[in-house]
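# A look at the structure
The primary structure of each chain is shown beneath.
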Amino acid sequence: SGASARLEGLDGATTHEVRVAVVNDDGAVSVPSTATTGASAAVATGGAVTSFVGNGTIGVDGTRYVVHEFTTDGTFGISRARDIDYLIVGGGGAGGTAGADTSSGGGGGGQVVSGAFTASAVAYAVAVGAGGAPTPVASLLATGGPAADGGASSIEVGVTTVASAAGGGGGASAKLGSGNQGPASTSGWSGGGGAVHATSTCPGTTGTGGVSRKGGNPWPDGNDGIYQAAGGGGGSSGQGDDAASTIGGDGGAGTSSTLSGVSVTYGGGGGGGKRTSSPGSAGSGADGGGDGGRQAAGAAGARGGGGGGAGSGHDGGAGGSGVVIVRYALP
């Protein structure tokens, strides 16, 4: 009796062909009408779009999920109210830069936040935090200093923040050619790892995320700088390791999520740097964190991971940029 009907459960922004038939009380069906075509409304826009079918372990069994993943700033819009799951990862902090005869700490991983909300048919702004940039050796301040923190990531509508995640703290950098250190950052979610030159050390610090995300401490020099090694940066969910003798500290653990349809770990800490090429080794990054440099530059982080700390006259690794993922189920 109605003049119109709404077809649910169609793929968004896809062209469909529709024919209409009439069924009477006896169950007889008329000849279908001439076909008409049209595109269904886009359920959401923005980001890299993928989909997967839940298997009971990841998502509800048999339910189709659509995933929008942002690695740069963007917008997210839906055509009607819908429940949204989200994952927000802040940018990782940079690894510390090492002056001559020094080793510097790994950067802290960005905070990882997950949750859900009911979205309205309005535009949502997605901000993806940039990874912290390391200080170049050539411009390292006379007193040293922490590497840059990662930027915050968020989902906002108008002036209201739906959810946000802080960036990770930068690792400590050691002064060029001197024993003075600058402290690792305490303003990021995860603390940066500590630096060392000769017998002068700068300890790792605790970020605003709490002691479980503390950066590791360096190993004090015991033999003319040969045994210098720096601490790893804190991860989004775990403390960075202290350096041990000739080995730099590993980065702290990140946070795993299956929101994208596969298990991915975000926000690991960067590994601490190592002064000389021999003996010993630099620390390893964890869960997206960059490896520390062994008399070399620290490696860059990924997925909100902290950058690796540097050794002996090299730059620290850049922090990994953040990530924002939104997901919804089709009817």
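For the structure given in this document, a descriptive report is provided here. (Residues numbered from 1 in each chain as written. Predicted model: local features only at pLDDT ≥ 70, side-chain atom pairs only at ≥ 80, totals over all residues. Heavy atoms only, no water.)

### Digging into the overall build of the protein
Convention followed: Under the scheme used here, helices are H or I runs from DSSP no shorter than 4 residues and strands are E runs no shorter than 2 residues, and both carry numbers assigned from the N terminus. Radius of gyration: over C-alpha atoms. The globule rule applied is 2.2 Å multiplied by the number of residues raised to the 0.38 power. When accessible area is computed with a 1.4 Å probe and restricted to protein chains, residues below 20% of their type maximum are described as buried, those above 50% as exposed, and intermediate ones as partly exposed. Here, two residues are considered to be in contact whenever any of their heavy atoms come within 4.5 Å of each other. When charges are counted, Lys and Arg are positive and Asp and Glu negative, with His and the chain ends excluded. Every charge is mapped onto a representative atom, which is NZ of Lys, CZ of Arg, CG of Asp or CD of Glu.
Of regular secondary structure, the protein possesses zero helices and 19 strands. Over its C-alpha atoms the protein spans a radius of gyration of 25 Å, topping by over 25% the 20 Å that the globule rule assigns to 331 residues. In terms of principal-axis extent, the alpha carbons of the protein reach across some 95 × 35 × 30 Å. Within the span of the protein, comprising 331 residues, buried residues form 50% of the whole. Once local pairs closer than 6 in sequence are excluded, the contacts in the protein between residues at least 24 apart make up 58%. Averaged over its 13 positive side-chain charges, the protein has a centre that lies 2 Å from the centre of its 21 negative ones.

### Let's talk about the sheet that holds strand 4 (residues 48-53)
Under the convention used in this document: For two strands to be treated as a pair, DSSP must find at least two bridges joining them. Orientation is described by lines fitted to C-alpha atoms, with helices fitted over the stretch in contact, and by angles between N-to-C directions that extend from 0 to 180 degrees.
Taken together, the five strands give an open sheet; going across it, the order is 4-5-19-7-9, and neighbouring strands pair in antiparallel fashion. Since the sheet does not close on itself, it has two edges, and those belong to strand 4 and strand 9 (112-119), each with one partner. Geometrically, the sheet is characterised by an average inter-axis angle of 20 degrees between neighbouring strands, direction not taken into account. Relative to strand 5 (residues 64-70), strand 4 runs antiparallel, the two being bridged by six bridges. Within strand 5, the position partnered with Ala48 by the bridge is Glu69.

### Observations concerning the nonpolar core
Our working definition: Nonpolar cores are built from buried Ala, Val, Leu, Ile, Met, Phe, Trp, Tyr and Cys residues. Side-chain atoms within 4.5 Å join them into one set.
If you look at the biggest cluster of nonpolar residues, it comprises 20 residues, and the most contacted ones within it are Phe76 and Tyr86. Contributing elements (two or more residues each) for this core: strand 5, strand 6 (74-78), strand 7 (82-89), strand 9, strand 10 (123-127), strand 13 (160-165) and strand 19 (323-329). When residues no more than four places from it in sequence are discounted, the contact partners of Tyr86 are Val113, Ser114, Gly115, Ala116, Phe117, Ile155, Ala163, Leu259, Ile325 and Val326. Counting residues in hydrophobic clusters, the runner-up holds twelve residues, among them Val112, Val264, Tyr266 and Val323.

### Digging into a negative patch on the surface
Keep this limit in mind: Patch membership is restricted to residues that have no salt bridge and whose relative accessible area is over 30%. Joining uses 9 Å for like charges and 5 Å for the nonpolar side chains Val, Leu, Ile, Met, Phe, Trp and Tyr. The Shrake-Rupley method, run with a 1.4 Å probe sphere, supplies the accessible areas, and residue values consider only the shown protein chains as cover. A side-chain nitrogen of Lys or Arg and a carboxyl oxygen of Asp or Glu constitute a salt bridge if their distance falls within 4 Å.
Taken together, Asp241, Asp242, Asp250 and Asp291 make up a surface patch of like negative charges. For Asp241, the location among the structural elements is in the loop between strand 16 (200-202) and strand 17 (255-257). Judged by its relative accessible area of 38%, Asp241 falls in the partly exposed class.

### A closer look at the side chain of Gln111
Let me state the cut-off plainly: The term polar contact refers here to a pair of N or O atoms within 3.5 Å; inside protein, the definition further demands a hydrogen-donor-capable atom paired with an acceptor-capable atom, and it admits residues adjacent in sequence only when both atoms are side-chain atoms.
Take Gln111: it is sitting in the loop between strand 8 (102-103) and strand 9. Take Gln111: its relative accessible area is 15%, and that puts it in the buried class. A polar contact of 2.9 Å, which involves the side chain of Gln111, links it to the backbone nitrogen of Ala166. If sequence neighbours within four positions are ignored, Gln111 has contacts with Ile88, Val89, Gly90, Ser164, Ala165, Ala166, Trp189 and Ser236.

By themselves, these are just geometric observations and shouldn't be taken as functional.
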